[in-house]
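Chain and residue survey
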Amino acid sequence: MDLLALADFNLVARHGGFGRAARASGRPKATLSRRVAELEASLGLRLLERGARTLKLTQEGQALHARTSVLLGEIDEAAAAIASGGDRPRGRLRISAPLLFSQTAMGKIAAGFALACPEVRLEVTTEDRGVDMVEEGYDLVLRVNPDPDESLVGRVFLRDRLVIVAKPGLARPVDGAPVAAVVRGSAERGGAWTMRTAAGVDSIAIDPVLGLSSLMMVRDAVRMGVGVGRLPLSLVSHDLAAGSLVQWGDADVPEIALWALYPSRRLLSARVSAFLDYLRSAFPEGTPDELAAYVAA
């Protein structure tokens, strides 16, 4: 396969047309069109659907662009690093991060990393859904307790745990009566929360009086005394220390682990390595108290 023709195809695909690609690169439009046509002929596939005013990738073209654009970018990065006599992190770094971590810490982390690595253009997208790193062009994904994925490797950089907390004036129910609770998600269903205390494992019935989509919102409602809440320790540790909230127990659920994930089939780029090192320096122990202190600083 002609790598130059492949690079021209990715240039056209990235800019969405021959004219825009030609203007962005300073290359003749006719040359780009000819090189893409030669690539199509060599593969025996139509990669682009050419309309009178629009250009659209075929299904095969989308697949080829998704699988080769990142690799060509790494080749360019390696060449630039060798030419400059070093392996400084540079280029675009796309990261997907979960909502709560983004709301509490990611802005500060991104700013600090940008100051430390000014030649990296960092882009952070906030979402909790699973993403296809190759198809969507992400270099790194941060996720909470991700499902096993053979195509990804990574490391845990933070750990947290859920605790059951309430305002000091909220009485603990007796005789199994349900307690008003603020929950994440639907408030239509009741149930029970199991928790670990110094006396052992206990269970409390809950009556969800408020359902909210964000844990930050849940914390604010619990602070107002609406009901008991189940929240990450890092999110309420300062409230507990100040006495504005009290802890009823540790939620009897699996530990929260925040992972940094990247594709195992690729060599780790300098910019990804630099960001992982920055996370490690920000959270050397990876504890809930460390995250709370980082957010509050």
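Residues numbered from 1 in each chain as written. Predicted model: local features only at pLDDT ≥ 70, side-chain atom pairs only at ≥ 80, totals over all residues. Heavy atoms only, no water.

Note that strand β8 (residues 179-184) and strand β10 (residues 200-212) share six bridges and pair parallel. Within β10, the position partnered with Arg 184 by the bridge is Leu 212. As paired strands, strand β9 (residues 191-197) and β10 are joined by seven bridges and run antiparallel to one another. Bridge pairing in β10 links Gly 191 to Ile 206. (Pairing = 2+ DSSP bridges. Helix = DSSP H or I, 4+ residues; strand = E, 2+ residues; numbered from the N terminus.)

Before going further, it helps to spend a moment on the sheet that holds strand β5 (residues 140-144). With mixed pairing, five strands are arranged side by side in an open sheet as β4-β3-β5-β13-β6. Every other strand in the sheet has two partners, leaving β4 (120-126) and β6 (152-160) as the edge strands with one partner each. For this sheet the average axis-to-axis angle between neighbouring strands, irrespective of direction, equals 20°. Across four bridges, β5 lies against strand β13 (residues 256-263) in antiparallel orientation. (Axes fitted to C-alpha atoms, helices over the stretch in contact; angles between N-to-C directions.)

As a further point, take the pattern of salt bridges. Summed over all chains, the structure comprises 17 salt bridges. A salt bridge links Arg 172 to Asp 202; its shortest N-O distance comes to 2.4 Å. Of this pair, Arg 172 sits in the loop between β7 (162-166) and β8 while Asp 202 sits in strand β10, and the two are 30 residues apart along the sequence. For Asp 202, a relative accessible area of 33% corresponds to the partly exposed category. Arg 280 is the salt-bridge partner of Asp 277, the closest N and O atoms lying 2.7 Å from each other. Highlighted residues: Asp 277 and Arg 280, both in helix α9 (residues 270-282), separated by three residues, approximately one helical turn. Note on Arg 280: relative accessible area 41%, which makes it partly exposed. (Salt bridge = Lys/Arg side-chain N within 4 Å of Asp/Glu carboxyl O. Buried < 20%, exposed > 50% of the residue type's maximum accessible area, 1.4 Å probe, protein only.)

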